[in-house]
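Next come the chains, spelled out residue by residue.
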Amino acid sequence: MDRLVEGMINEDFDRRKPYDYLQLCYFKMDMFKKAADAAATVLAVQPEHEVMKSNLKYYLAEGPVNAEEVVNLELQEYGKEYILGNVAYNNEDYKATITHMEKSLSLFYEAYSACRHLCENPFDQGWFPDFISSLANHYTFTLRCKRRCTWQLSNLFGEIKDDFFYSYFNYLQYSYYQEGDTKAACEAVASALFINPVDEVQLRNKQFFIRDEGASEDYFVPRKDVVAFIEREDFEERLMEFIETNFLFLKDDEFEDDDDIDAKTENELSSVSVGFNSSLLGEKIDTTHVMLETENTLNEEL
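Everything numeric here is computed off the predicted structure, so don't read it as measured data.

Chemist: Provide a residue-level description of the overall build of the protein, including the pertinent values.
Modeler: From N to C terminus, the protein includes twelve helices and zero strands. Across the protein, helices and strands are ordered from the amino to the carboxyl terminus as α-α-α-α-α-α-α-α-α-α-α-α. Residue burial in the protein is summarised as follows: out of 302 residues, 39% are buried. Put simply, of all contacts in the protein between residues at least 6 apart along the chain, 75% involve residues at least 24 apart. Surface summary for the protein: the accessible area is close to 18,400 Å², and the carbon and sulfur share equals 51%.

Here is the structure:
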């Protein structure tokens, strides 16, 4: 029972349940800004939480709160730096954009590593498999958990940004170009193309640097950390697909006799193409923000 309670508590914190209570308490105390922050913090991990979305809209409509001032109270340092870089970019302060985005990228790698380490923790399998099954189950559980890290870290405002990692180099290539650092700009273009080799915007940017800036092919070498990151992501995605396609984990009492099990040949790992949302750059990034509609009535759950 203790283990069950512990698991439920961990799940509540993962879903930021305490902030659900806090937003209601702050509302009752007419503290709309804090209520809005708490609601936004829940939405950062539960973007489809209809009650919380409705409550946040109410706080913005009825309280003296601006949407731009609402913050995710659990936003990690890489997210804060990313936002500062976004603001600097919109203000055409490209030197500050480079500073904040490079720092955010470094912090992102740290957060990514920490997330993966946490996946190594033991978990309750719910039954008592034999040694081999236990190892297989734990490895699969760990791998599946690690596959969620990039997805989780790409959520800053309650919405998953599919091209979040790519966007770093989208910002950086234009900012370095504006600062006159052609080599760094080309490196960022190459990194973006390593993530998405068919991105039309970056392919045009590459041609621009070669044609108009005198860049050579030697300039277009992706960063080593980007190569390592993407190769690991791609390998683990193929591995996860292989496991889910070729293996079935059963409880001890569900195994059939060997004679009843059809032999299967091992399939080669198939290539998996990774899709990314393309964004406008080359001219400039189209950085749009989610605009919240307002409602005049408070959700009944409050």
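Chemist: Any details on the pattern of salt bridges? Residues and values, ideally.
Modeler: Counted under the stated rule, the structure contains 15 salt bridges. Lys17 is paired through a salt bridge with Asp20; the nearest N and O atoms lie 3.5 Å apart. You can see Lys17 and its partner Asp20 sitting in helix α2 (residues 17-28), three residues apart, about one turn around the helix. The shortest N-O distance in the salt bridge between Glu120 and Lys146 comes to 2.6 Å. With Glu120 in the loop between α6 (94-118) and α7 (131-147) and Lys146 in helix α7, this pair connects stretches of sequence that are 26 residues apart. Classification of Glu120 as partly exposed rests on a relative accessible area of 41%. By sharing partners, the salt bridges in this structure join Glu102, Glu187 and Arg223 into a single network.

Chemist: Residues and numbers for α2, please.
Modeler: Here α2 spans 17 Å end to end across twelve residues, near enough to the 16 Å set by a 1.5 Å rise per residue. Among all positions of α2, only Tyr19, Asp20, Gln23 and Phe27 are buried. Within α2, the buried residues cover an arc of 110° as seen down the axis, which keeps them to one side. When the buried face of α2 is taken as reference, the exposed residues oriented beyond 90 degrees from it are Tyr21 and Lys28. Of the surrounding elements, those touching the buried residues of α2 are α3 (32-43) and α4 (50-62). Positive backbone phi, at 60°, marks Asp30, one or two positions downstream of α2.

Conventions and cut-offs
- Residues numbered from 1 in each chain as written.
- Predicted model: local features only at pLDDT ≥ 70, side-chain atom pairs only at ≥ 80, totals over all residues.
- Heavy atoms only, no water.
- Helix = DSSP H or I, 4+ residues; strand = E, 2+ residues; numbered from the N terminus.
- Buried < 20%, exposed > 50% of the residue type's maximum accessible area, 1.4 Å probe, protein only.
- Contact = heavy atoms within 4.5 Å.
- Areas by Shrake-Rupley, 256 points an atom, 1.4 Å probe, with all protein chains shown as cover.
- Salt bridge = Lys/Arg side-chain N within 4 Å of Asp/Glu carboxyl O.
- Expected span 1.5 Å × (residues − 1).
- Arc of directions from axis to C-beta.

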